[in-house]
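Summary of the model geometry
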Amino acid sequence: VFDKTGTLTESAPKLSQVVSLDPDLPEQEVLRLAACLEEHFPHPVGRAVVKAAEESFLVHEQEKHDAQINYIVAHGIASSLGGQRVVLGSRHFVQDDEGVDVSAAVAQRERLASRGLSILYLAVGGRLVGLLGVEDPIRRESIETIQMLRSVGIRRIVMLTGDDQRTAAAVASRLGIDEFRAGILPHEKAQTVHALRLSLIHISEPTRPY
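Below is a summary of the structure that appears in this document.

Rules and cut-offs
Starting from 1, residues in each chain are numbered consecutively following that chain's sequence as written. Totals for whole chains, interfaces and linings use all residues, but because this is a predicted model, local features are given only for residues with pLDDT of at least 70 and pairs of side-chain atoms are given and counted only at 80 or more. As a rule here, side-chain values cover all heavy atoms of the structure and leave hydrogens and water aside. Numbered from the N terminus, helices here are DSSP runs of H or I no shorter than four residues, and strands are runs of E no shorter than two. Helices are assigned an expected span. That span is 1.5 Å times one less than the residue count. Any residue under 20% of the maximum accessible area for its type is buried, any over 50% is exposed, and the rest in between are partly exposed; the area is computed with a 1.4 Å probe on protein chains only. Working rule for contacts: check all heavy atoms of both residues, and any pair within 4.5 Å makes them a contact. Note on pairing: DSSP must find at least two bridges between two strands before they are called paired. Angles here are taken between N-to-C directions and fall from 0 to 180 degrees, while the axes themselves are lines fitted to C-alpha atoms, restricted in helices to the stretch in contact.

Let's shift gears to helix 3 (residues 44–55). The end-to-end C-alpha distance of helix 3 is 16 Å, a good match for the 16 Å that 12 residues give at a rise of 1.5 Å each. Burial in helix 3 covers these residues: Gly-46, Ala-48, Val-49, Val-50, Ala-52 and Ala-53. Looking at the buried positions of helix 3, the neighbouring elements they touch are strand 2 (14–20), helix 2 (27–38), strand 6 (118–124) and strand 7 (127–135). The positive-phi residue at the C-terminal boundary of helix 3 is Phe-57, with phi of around 60°.

In C-alpha cells form, the structure reads like this:
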C-alpha cells in the first residue's frame, strides 16, 4: 500500500493551471487570492501556489483580512475578505462543508483531473470563482519500483490519495497501478490499511487441523 503525495510523487508539487469561473475575475486575481490564503500555511501545495504568484509578480503579502485565517487539516483554508467569506480547498470542503455549488465547474474539473492534476476550489461569498490545478510530478523511481514488486510476486498494489476519483485514476494509470482508494482523509487511510491487513490475514491464514 502506497500513499500518493510525497511517496509515489515528488514532495514539491507545482501549480500547473489557474481557471477563472467569474468573467469579472481574471486568472491572475484568482491566483493572488489563493496565495493570500496559502502564504500563512507552509505545506507543499501552499508553497506551490505562493511560488507561482511570486513568479507572476503578484503582490499577495499583507492582504487585509477581516477575520482570522483558519486551516482545516486535509480540507482547506477559510477566512473573510472585504466582508465576504473566502474558502480554498478540496471539493469535499468547499461543496459539502461550505455548501458552495460547484456544478458550473464540471467540465473544467474533468479536464484538469484527466491530466492527473490535484484540484483546489476557490469560493468567495458562497460562490465558486476559480479552480487551481496542481501537478504532483511522479517520482522517477516509482514506476520502476512498482514493476520490481510485480516481478518478485507482489500481486496486489494499492494507492491511497485524498485526490478525487478522476485524478487518482490518471495517476494510477501512469504508475501501472490497478487498485486505488480516492477522496479519503488521513485517518481514513489508516483505517483502509488496517482493513486491508485484516482481509489479507483472513485470506492467507492456513486451515489448522483440530
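Having put the structure on the table, let's press on.
What follows is about unusual backbone geometry. For Phe-57, which is not glycine, the phi dihedral falls at a positive 60°. Examined against the element boundaries, Phe-57 turns out to sit in the loop between helix 3 and strand 3 (70–72). Overall, the relative accessible area of 74% leaves Phe-57 in the exposed class.

The strands making up a sheet associate through hydrogen bonds between their backbones, and the pairing can be parallel or antiparallel. Strand order across the open sheet formed by 3 strands is 1-8-9, with parallel pairing between neighbours. Across the chains shown, the open sheet's two edge strands, defined by having one partner strand only, are strand 1 (2–3) and strand 9 (179–181). Relative to strand 9, strand 8 (residues 158–160) runs parallel, the two sharing 3 bridges. For Leu-160, the partnering residue across the bridge sits in strand 9 and is Arg-181.

Our next topic: the sheet that holds strand 3. One open sheet holds the 6 strands; their spatial order is 2-7-6-5-4-3, and the pairing between them is antiparallel. Because the sheet does not close on itself, it has two edges, and the strands there are strand 2 and strand 3. Across the sheet, the mean angle from the axis of one strand to that of its neighbour is 20°, orientation sign disregarded. Bridge count between strand 6 and strand 7: 7 bridges; the pairing is antiparallel. In the strand pairing of strand 7, Ile-119 is matched with Gly-133. Helix-sheet contacts for helix 3 involve strand 2, strand 6 and strand 7, and the interaxial angle to strand 2 is about 70°.

Everything listed here is a matter of geometry and, on its own, says nothing about what the molecule does.
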